[in-house]
Amino acid sequence: MRKKASQTGCVVYFEMLGGMERVLGAVSLRDLFQAAGRETRRRPWRFAACAAGYAIAVAGAMLLLCALVFSRHAETNILGSTGTHFIVYSPACSDVVASLTPTELAMLASGTKPARCAEKCKVCTGCNKKPLDLKNESFVAQQVDTKLLPLGMVDEVKREPDLFRGASAFLQYRFYDSDDGHRFTVGGFDPDDKIAVPPGVCNAGDVIEGAFLHAGDTGLALVEQGYAVGRGLRVGSMLTLSGWPFTVIGVVSSGVRPGKSDVYLTFADAEKVINRRIRSPLFQEMNVLLVEVSTAQKQDAALARMREILQSGLITTFACYQPAAQVLGLGNGMILAAAVLLGVLAASFGLKTQLASLRERRREIGILRSLGWSRSVVIGQLLMESALPGFAGGAAGAIFASLALPFVSLEYWTGVPAGIDFAMIPVIAAAGLVSALAGGLLAGLPAAWLAVGNPPADQLRNF
Amino acid sequence: MSNVGPMIEAMNVRKAFRSGRREIPVLENVSLSVAPGEILVIKGRSGVGKSTLLSILGGLDLPDAGSICINGVEIGTLSQDDLATLRRKTVGIIFQNFNLLPSWNAVENVEAVLMHGDLDMAERRRRAVSWLERLGIGDRLENLPAELSVGQQQRVAVARTLVNEPTLILADEPTGDVDPETGAEIISHLKAAVRERGAALLVVTHGAYPIESGDRVLTLKNGVLEKSA
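Residues numbered from 1 in each chain as written. Chains lettered and ligands numbered in written order. Predicted model: local features only at pLDDT ≥ 70, side-chain atom pairs only at ≥ 80, totals over all residues. Heavy atoms only, no water.

All names here are of chain A. In this model, chain A carries a mean pLDDT of 79, and residues with pLDDT of at least 70 account for 80%. Mean pLDDT in chain A bottoms out at helix H1 (residues 18–24), which sits at 44, and peaks at strand S11 (residues 263–266), which reaches 97. Confidence over residues 1–24 falls short of pLDDT 50; this stretch has 42 contacts with residues more than four positions distant or in other chains. (pLDDT = per-residue confidence, 0-100. Helix = DSSP H or I, 4+ residues; strand = E, 2+ residues; numbered from the N terminus. Contact = heavy atoms within 4.5 Å.)

The next thing to look at is a nonpolar patch on the surface. Residue and element names in this part refer to chain A. A cluster of nonpolar side chains, Leu336, Val340 and Val344, forms an exposed patch at the surface whose accessible area comes to about 250 Å². Relative to the elements of secondary structure, Leu336 occurs in helix H12 (residues 322–360). The partly exposed category is assigned to Leu336, whose relative accessible area is 42%. (Patch = residues over 30% accessible without salt bridge, like charges linked within 9 Å, V, L, I, M, F, W, Y side chains within 5 Å. Areas by Shrake-Rupley, 256 points an atom, 1.4 Å probe, with all protein chains shown as cover. Salt bridge = Lys/Arg side-chain N within 4 Å of Asp/Glu carboxyl O. Buried < 20%, exposed > 50% of the residue type's maximum accessible area, 1.4 Å probe, protein only.)

With that settled, consider the pattern of salt bridges. Enumeration over the complete set of coordinates arrives at 21 salt bridges over all chains. Across the salt bridge formed by Arg231 of chain A and Asp180 of chain A, the nearest N and O atoms sit 2.6 Å from each other. Here the residue Arg231 of chain A occupies a position in helix H9 (residues 225–231), and Asp180 of chain A occupies one in the loop between strand S5 (164–176) and strand S6 (183–189), the gap between them amounting to 51 residues. By relative accessible area, which is 37% here, Arg231 of chain A ends up partly exposed. The partner of Arg124 of chain B in a salt bridge is Glu111 of chain B, with the nearest N and O atoms 3.4 Å apart.

Glancing now at the packing of aromatic side chains. All chains considered together, the criterion is met by 7 aromatic pairs over all chains. When the centroid spacing of 5.9 Å and the interplanar angle of 35° are considered together, the rings of Phe189 of chain A and Phe212 of chain A count as tilted. Residue Phe189 of chain A is found in strand S6, and its partner Phe212 of chain A is found in the loop between strand S7 (207–210) and strand S8 (220–224); the two are separated by 23 residues along the sequence. Phe212 of chain A matches Phe189 of chain A in its accessibility class, with the two residues each being buried. The rings of Phe139, Tyr173, Phe175, Phe184 and Tyr227 of chain A are connected pair by pair, giving a single aromatic cluster. Over the face of the ring belonging to Trp244 of chain A we find Lys272 of chain A, whose NZ or CZ atom lies 4.2 Å from the ring centre. One cation-aromatic arrangement involves Arg134 of chain B over Trp131 of chain B; the distance from NZ or CZ to the ring centre is 3.9 Å. (Phe/Tyr/Trp six-rings, centres within 6.5 Å; stacked < 30°, edge-to-face > 60°. Lys NZ or Arg CZ within 6 Å of the ring centre and 35° of its normal.)

Residue and element names in this part refer to chain B. We note that Asn99 has phi near 50°; this positive angle belongs to a residue other than glycine. Position of Asn99 among the secondary structure elements: in the loop between strand S6 (91–94) and helix H3 (106–112). Look at Asn99 and you get buried, because its relative accessible area is 2%. Non-glycine residue Glu173 carries a positive phi angle of around 45°.

On to the confidence of the model for chain B. Reading predicted coordinates in detail is not appropriate for stretches of low pLDDT. The share of residues in chain B with pLDDT of 70 or more is 97%, and the mean pLDDT across the chain is 89. Overall fold confidence (pTM) sits at 0.59, and the ipTM for the predicted complex is 0.90.

So, on to the interface of chain A and chain B. At the interface, 31 residues of chain A touch 30 residues of chain B. In total, about 2,800 Å² of surface goes out of reach between chain A and chain B, with carbon and sulfur atoms giving 58% of it. Joining chain A to chain B, the criterion identifies 3 salt bridges. Seen at the junction of chain A and chain B, the total is 9 residue pairs in polar contact (both at pLDDT 80 or more). (Buried area = accessible area lost by both parts, 1.4 Å probe. Polar contact = N/O pair within 3.5 Å; in protein donor to acceptor, adjacent residues only side chain to side chain.)

Take the packing of helix H14 (residues 375–404) of chain A against helix H16 (residues 424–451) of chain A next. Residue and element names in this part refer to chain A. Orientation of H14 relative to H16, taken along the N-to-C sense of each, is 155°, at an axis distance of 7 Å. Taken together, the axis directions place H14 and H16 in an arrangement best described as roughly antiparallel. Considering only the axes of H14 and H16, their crossing is right-handed. Here the residues of the contact of H14 with H16 sort into 19 nonpolar, 6 polar and no charged. (Axes fitted to C-alpha atoms, helices over the stretch in contact; angles between N-to-C directions. Parallel < 35°, antiparallel > 145°, perpendicular 65-115°, else oblique. Left-handed = near helix turned anticlockwise from the far one by under 90°. Nonpolar A, V, L, I, M, F, W, Y, C, P; charged D, E, K, R; others polar.)

With that settled, consider helix H11 (residues 299–310) of chain A. Residue and element names in this part refer to chain A. Taking 1.5 Å per residue as the helical rise, H11 with its 12 residues ought to reach 16 Å, and the 16 Å between its terminal C-alpha atoms agrees with that figure. Residues of H11 that are buried include every one of Gln299, Ala302, Leu303, Met306, Ile309 and Leu310, and no others. Angular distribution of buried residues about the axis of H11 spans 120°; they occupy a single face of the element. Positive phi shows up at Gln311, right after H11, with a value of about 70°. (Expected span 1.5 Å × (residues − 1). Arc of directions from axis to C-beta.)

Residues and elements named next belong to chain B. The sheet built from 6 strands is open, its strands ordered S6-S7-S8-S3-S9-S10 with mixed pairing. Here the strands that pair on one side only, and so sit at the sheet edges, are S6 and strand S10 (224–227). Recorded for the sheet is a direction-independent mean angle of 20° between the axes of neighbouring strands. (Pairing = 2+ DSSP bridges.)

Have a look at this one:
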């Protein structure tokens, strides 16, 4: 490096950019910067117009990108509890079992599949676990009698986090109370699961009285509000299931959930009470798989993968808000496209300005070249002149948008409880500034390239 | 006069401009040479191609035919960047219309030719100021060209050429727009460069430059270079 900047002031110290100097030749970046400054002072309105274009583009793009972030937050908040989950179960082949002979039923109970079952079901999932009271009781899901599924599916699903955010086993069984003849459903779940259980069954937020279950609890039950009212149950009440006593620890109102039951137990307690109602005990089994998809946009892929895992093809999904997800995705894409378009327009404006400037300054460029300035230095000079308004405009736009964003409450305007992620603002501002600078450089490149295309005499002649 | 090889040697240089389908010949088989320490004056009427010849000799333009060697280097084989280096290190050109940068002040215009060198800013400034003072415009350093008289602009142009200490000076009417006193001053500076540093000086003029100050005088007429009578 040959220069030490000795002057103070607003000129940036370019010593550190020695590598760039070597690329440009012997003319220092400081010289180029000062020369660009002269050009700026000579045509301040052109500079201001060009910088304003970049400022508007950066501010607009920042606002649009924040709207995009907001849109994604809203999508997560809105669809996260309704559209990104489903339950998996296989409808039971009860017609086959109902026609089985006592001998065949005994075969099932001992674990041997009768020939007639094999004809009907490619994958037998637990006819031998059929209820003792086939007429009144069954494994159910959404009022449909179901087969059993292996618990191993939970881990299989969890191994694909790109598609599935979570999965949890669920047991749901319809009981028959022979004392008074009423039927009710018992659900068994993992209370510690905070991903797949809350949208599919219930969560601590649904408790309207008492407390929620915890993993490891035993002898405790939650009851749905409607069932509690109908049966006169309250927190502390006792209820008996398959001869086991349970204390009501809480009353919940879970709304519309695919796994909604009258009584909720831990998975282990549910297994225990159900085992007394079926021919042979459950072993690593469930009848419903609760699944949470990674994002609403991956619903299709997740369902397809789920069908592959299930193999039998008997999958039933719970309400997916795919159209909404697709519309949101479309909206996100449009916002992104608008932001990109804005940037391209700003760069085009910059290009037009630079080309106009080049036409006016043909002779000056010829003079510099006649004095021995190399093409790379002339290109560097023109790029510097083009980058300056990009940088200045980008900075102004980024500052303006950063200051304005906190006061533009998208929550207020949309009513959707998902605001701007303020931590993202500096990142987006930096990206906006860098984009404007890059836009300025790109806009100047064609003009710079054209400027050195002819012999200097041509440029000195044409003015 | 030096007895070493010529500083510049042009052989059979041809150049024509095109206007639509019409070709306008400007230079026809022009050959010349200038030795180090020699002053060659080429005179001719306006429009005969004097400035074009100077542009070609300075590597600013390309001839249609012929060869030009500067300090032994055939410039037809050089790239644009090599030509720029040659101009920067060897050639100084004084343009007829000065060709000053309008947004650069007087001292910055002179410095412009030094920016591509190895000098630091302070030395650059010192040399530029020194030459402007020698040419009598030390009090107009910060003025833009538009704020200078034509004669002052010409002196800035001369200072810009001489500050780099070129070994080949190509001057296009260097005294065309100045009063006789200033013209004599400029000529003395140019001649000093020839005497002190052994530079070669090629001046083209339509008559404003005193031809008696040249070692040789040639006349450009209808694109052909002739010995002056």
